[in-house]
Amino acid sequence: AQKITQTQPGMFVQEKEAVTLDCTYDTSDPSYGLFWYKQPSSGEMIFLIYQGSYDQQNATEGRYSLNFQKARKSANLVISASQLGDSAMYFCAMREDTNSGYALNFGKGTSLLVTP
Amino acid sequence: NAGVTQTPKFQVLKTGQSMTLQCAQDMNHNSMYWYRQDPGMGLRLIYYSASEGTTDKGEVPNGYNVSRLNKREFSLRLESAAPSQTSVYFCASSLMRNTEAFFGQGTRLTVV
């Protein structure tokens, strides 16, 4: 079963506007971590932001913030003041503990296009 | 620092051929991962390794084997390639549970 769900295959936003990319997850483990990555058309994976399940405050990194709603099992990425260079695929990922260590599983991604 | 290095970057195989994708990291990371990326499917975990000598299956392990040769290296082997294994393969590594994974540049594999 898909543990990370990104329901928006594609999103458009105008330059300088804010945009929210949705991510919901499914786990029964009380300890987990949530990550967001960006993949530009060049293909590399770029880490953006991390939120631990026990973190009290929402994570922020520059123009990126994570809207973490634990009870709803959602970890939405908010990009403020969008720039043309933000056009890319965005992936949400969840780290879960396993018997042999920990696994990092990704959602299917959201394609973001920033328009002038 | 080179970070995570994958070789080769591109490969074309015939159905039934075997090959090994190599991955090495120089960041002294404990955990390493192999993913495949297909259009519309995101990154799917094939195998992962929490430490040297330990490997475990991810979401899509069928048709693949892995070896964690030492702390630096984690290889992915296709014993008998199939067209369904045409994909972009990414290797990644991470230091601890709450730190980000660093990715290699990917290997584009085509099986004809």
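Attention in this report is confined to the structure presented alongside it. (Residues numbered from 1 in each chain as written. Chains lettered and ligands numbered in written order. Predicted model: local features only at pLDDT ≥ 70, side-chain atom pairs only at ≥ 80, totals over all residues. Heavy atoms only, no water.)

## Remarks on the overall build of chain A
- Counting its regular elements, chain A contains zero helices and twelve strands.
- Reading chain A from its N terminus to its C terminus gives the helix and strand order β-β-β-β-β-β-β-β-β-β-β-β.
- Computed over C-alpha atoms, the radius of gyration of chain A comes to 14 Å, within 12% of the 13 Å expected from 2.2 N^0.38 for 116 residues, which places it in the range of a compact globule.
- With respect to the three principal axes, the spread of C-alpha positions in chain A is 45 × 30 × 20 Å. (Helix = DSSP H or I, 4+ residues; strand = E, 2+ residues; numbered from the N terminus. Rg over C-alpha atoms; globule rule 2.2 N^0.38 Å.)

## With respect to the packing of aromatic side chains
- Applying the stated criterion to the full structure yields 13 aromatic pairs over all chains.
- Where A:Phe106 meets B:Phe103, the ring centres are 5.9 Å apart and the plane angle is 80°; that geometry is what we call edge-to-face. One end of the pair, A:Phe106, is in strand E11 (residues 101–106); the other, B:Phe103, is in strand E10 (residues 102–103), on a second chain.
- Judged by relative accessible area, which is 10%, B:Phe103 ranks as buried.
- The structure contains a cluster of three or more aromatic residues connected by ring pairs, namely A:Phe35, A:Tyr37, A:Phe47, A:Tyr50, A:Phe91, A:Phe106, B:Tyr33, B:Tyr35, B:Phe90 and B:Phe103.
- Over the ring of A:Tyr64 we find A:Arg63, and its NZ or CZ is 5.7 Å from the ring centre. (Phe/Tyr/Trp six-rings, centres within 6.5 Å; stacked < 30°, edge-to-face > 60°. Buried < 20%, exposed > 50% of the residue type's maximum accessible area, 1.4 Å probe, protein only. Lys NZ or Arg CZ within 6 Å of the ring centre and 35° of its normal.)

## What about the state of the cysteines?
- On inspection of all chains with the given rule, the structure shows two disulfides over all chains.
- The disulfide that involves A:Cys23 links it to A:Cys92, with 2.0 Å between the sulfurs. As the torsion about the S-S bond is roughly -65°, the A:Cys23-A:Cys92 disulfide counts as left-handed. Of this pair, A:Cys23 sits in the loop between strand E3 (19–21) and strand E4 (24–25) while A:Cys92 sits in strand E10 (residues 88–98); the two residues are 69 residues apart in sequence, bridging distant segments of the chain. Judged on exposure class, the residue A:Cys23 and its partner A:Cys92 are both buried.
- The disulfide partner of B:Cys23 is B:Cys91, and the S-S distance across this bridge is 1.8 Å. Between B:Cys23 and B:Cys91, the disulfide has an S-S torsion of -75° and is therefore left-handed. Placement of B:Cys23 in strand E3 (residues 19–25) and of B:Cys91 in strand E9 (residues 87–94) is noted, with a sequence separation of 68 residues between them. (Disulfide = S-S within 2.5 Å.)

## Remarks on the interface of chain A and chain B
- Facing 22 residues of chain A, the contacting portion of chain B comprises 24 residues.
- Summed over both sides, the interface of chain A with chain B buries roughly 1,900 Å², with 54% coming from carbon and sulfur.
- For the interface between chain A and chain B, the tally reads one salt bridge.
- On inspection of chain A and its partner chain B, the count reaches eleven residue pairs in polar contact (both at pLDDT 80 or more). (Contact = heavy atoms within 4.5 Å. Buried area = accessible area lost by both parts, 1.4 Å probe. Salt bridge = Lys/Arg side-chain N within 4 Å of Asp/Glu carboxyl O. Polar contact = N/O pair within 3.5 Å; in protein donor to acceptor, adjacent residues only side chain to side chain.)

## Details of empty space enclosed by the protein
- The full count for this structure, using the stated rule, is one cavity of 30 Å³ or more.
- Looking at the largest cavity, its volume works out to about 30 Å³.
- Taken together, A:Phe35, A:Arg95, A:Tyr102, A:Leu104, B:Tyr33, B:Ser94, B:Met96, B:Arg97, B:Thr99, B:Glu100 and B:Ala101 form the lining of the largest cavity. (1 Å grid on protein atoms, 1.4 Å probe; cavity = no way out; pocket = protein on both sides within 12 Å on 5 of 7 lines; lining within 4 Å. Points joined across faces, edges and corners; volume = space filled by probe spheres on them.)

## Structural notes on the pattern of salt bridges
- Applying the stated criterion across every chain yields a total of eight salt bridges over all chains.
- Ionic pairing is found between A:Arg95 and A:Asp97, a salt bridge with its closest N-O pair at 3.8 Å.
- Among the residues examined, A:Asp97 registers a relative accessible area of 32% and is labelled partly exposed.
- A salt bridge links B:Arg77 to B:Glu79; its shortest N-O distance comes to 3.1 Å.
- According to the relative accessible area criterion, B:Arg77 is partly exposed, its value standing at 30%.
- You can call B:Glu79 partly exposed: its relative accessible area is 42%.
- Here the salt bridges do not stand alone but share partners, grouping A:Arg95, A:Asp97 and B:Arg97 into one network.

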